[in-house]
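# Summary of the model geometry
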Amino acid sequence: MTMDAYAPPRDPIAKLRRRMTQWEAARPAMLRFDRPFLSISFDDFPASAADTGARILESHGARGTFYASAGLANTDGPCGRNFSASDIKRLAANGHEIGCHSFGHNDCAQRDVFETLQDLAKNRDALTEMGAVKYGRTLAYPYGETTTALKRTLPPRFESARGILPGLNVGRADLAQLHAYAMFGKPFAAMRSALKRAAKRNAWVIGFTHDISDTPSPWGTSAADLDALLREAHALGFTVLPVSTALERRTP
Ligand SMILES: [Zn+2]
């Protein structure tokens, strides 16, 4: 998702292309679960997600997925200071999942597919060097942007790819573009009401955010809101797991 000055194009052609990309399931799947699942993911990701965000999840006995762009490591962004190698090592040691968010955090819909594939491989190598283990089973497209061509050519090591279009993951799904709710702005309210519907349908809900603090950026979530969401999810009977672990829990 975005956290810099860049914004993907919003002209009619880009909107149409985005809609067609969403319709075309590159990896169709029928998702069924025997209970409701919730996955919390952090994109880019800011150091506060690795620190405060991880701590809140752990206090609920839960773990999250951290979609890392290695090119952003040790840099400052609008969501605060970004992660460092020590964050990757600590998160992996504590059972969190490190996912791929590309190395350069470019808009994949605006790039050649092969450039993107090279960039994903570069991210894998950089994060492995930083201490990520079992890295790279899930991908989150930067800005949520992708193309049908990219969805079709994702390396098999990616068991799933996550977009930013809200919705429940249950029944007919596309593992190359899973639905996710932003945990900031209007979609966060939609996510909280979706939890109740998801609990009744044994659906899988994925949330994504960036920084976690008492004074979050417009793309981040307050520590109190994350804590309240997890309380609510537990009360509704959700099991909170990283993205790849939740996907493993699907029933045939
Ligand atoms: Zn991002």
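A brief look at the structure comes next. (Residues numbered from 1 in each chain as written. Predicted model: local features only at pLDDT ≥ 70, side-chain atom pairs only at ≥ 80, totals over all residues. Heavy atoms only, no water.)

### Things to note about the packing of aromatic side chains
Tallied over the entire structure, the rule returns seven aromatic pairs. Residues Phe 45 and Phe 83 carry aromatic rings whose centres are separated by 4.5 Å and whose planes lie at 25 degrees to one another, so their mutual orientation is stacked. Taken together, the residues Phe 45 in the loop between β2 (37–44) and α2 (47–59) and Phe 83 in the loop between β5 (80–81) and α3 (85–93) connect sequence positions 38 residues apart. Note on accessibility: Phe 45 and Phe 83 belong to one class, buried. Of the aromatic side chains, those joined through ring pairs into one cluster are Phe 42, Phe 45, Phe 66 and Phe 83. In this structure, Arg 192 is placed above the aromatic ring of Phe 188, and the distance from its NZ or CZ to the ring centre is 5.2 Å. (Phe/Tyr/Trp six-rings, centres within 6.5 Å; stacked < 30°, edge-to-face > 60°. Helix = DSSP H or I, 4+ residues; strand = E, 2+ residues; numbered from the N terminus. Buried < 20%, exposed > 50% of the residue type's maximum accessible area, 1.4 Å probe, protein only. Lys NZ or Arg CZ within 6 Å of the ring centre and 35° of its normal.)

### What to know about the packing of helix α6 (residues 186–201) against helix α7 (residues 223–235)
Where α6 meets α7, the axes come as close as 11 Å, and the angle between the chain directions of the two elements is 15 degrees. On the basis of the axis angle, α6 is roughly parallel to α7. Relative to α7, α6 is oriented so that their crossing is left-handed. Residues Phe 188, Met 191, Arg 192, Leu 195 and Lys 196 of α6 form the contact with α7, whose participating residues are Asp 225, Ala 228, Leu 229 and Glu 232. Here the residues of the contact of α6 with α7 sort into five nonpolar, no polar and four charged. (Axes fitted to C-alpha atoms, helices over the stretch in contact; angles between N-to-C directions. Parallel < 35°, antiparallel > 145°, perpendicular 65-115°, else oblique. Left-handed = near helix turned anticlockwise from the far one by under 90°. Contact = heavy atoms within 4.5 Å. Nonpolar A, V, L, I, M, F, W, Y, C, P; charged D, E, K, R; others polar.)

### Observations concerning the side chain of Thr 148
On the secondary structure map, Thr 148 appears in helix α5 (residues 148–153). Each residue touching Thr 148, except ones within four places of it in the same chain, is listed here: Thr 21 and Glu 24.

### Remarks on a nonpolar patch on the surface
A contiguous nonpolar surface patch, about 380 Å² in accessible area, is contributed by Leu 16, Met 20 and Trp 23. Tracing the sequence through the fold places Leu 16 in helix α1 (residues 12–23). (Patch = residues over 30% accessible without salt bridge, like charges linked within 9 Å, V, L, I, M, F, W, Y side chains within 5 Å. Areas by Shrake-Rupley, 256 points an atom, 1.4 Å probe, with all protein chains shown as cover. Salt bridge = Lys/Arg side-chain N within 4 Å of Asp/Glu carboxyl O.)

### Here we look at the side chain of Thr 221
Along the chain, Thr 221 turns up in strand β13 (residues 221–222). By relative accessible area, Thr 221 is classed as buried at 2%. A polar atom in the side chain of Thr 221 sits 2.6 Å from the side chain of Thr 209. If we skip the residues at most four places from it in the chain, Thr 221 touches Met 183, Phe 188, Thr 209, Asp 211, Ile 212, Ser 213, Pro 216 and Leu 226. (Polar contact = N/O pair within 3.5 Å; in protein donor to acceptor, adjacent residues only side chain to side chain.)

### Considerations on the environment of His 179
Topologically, His 179 is positioned in the loop between β9 (171–174) and β10 (181–182). Measuring from C-alpha to C-alpha, the distance between His 179 and Arg 162 comes to 6.5 Å, with 17 residues separating the pair along the chain. When sequence neighbours within four positions are dropped, the list of residues in contact with His 179 reads Gln 22, Leu 165, Pro 166, Gly 167, Leu 168, Asn 169 and Ile 206.

### Comments concerning unusual backbone geometry
A negative phi angle is the norm for most residues apart from glycine, just as the trans form is the norm for most peptide bonds. The linkage connecting Asp 44 with the following residue, Phe 45, adopts the cis geometry, with an omega of 0 degrees. With a phi angle near 100 degrees, Asp 44 is a residue other than glycine that sits in the positive phi range. One non-glycine residue, Tyr 143, adopts positive backbone phi at about 60 degrees. With respect to the secondary-structure elements, Tyr 143 resides in the loop between β7 (138–140) and α5. By relative accessible area, Tyr 143 is classed as buried at 3%.

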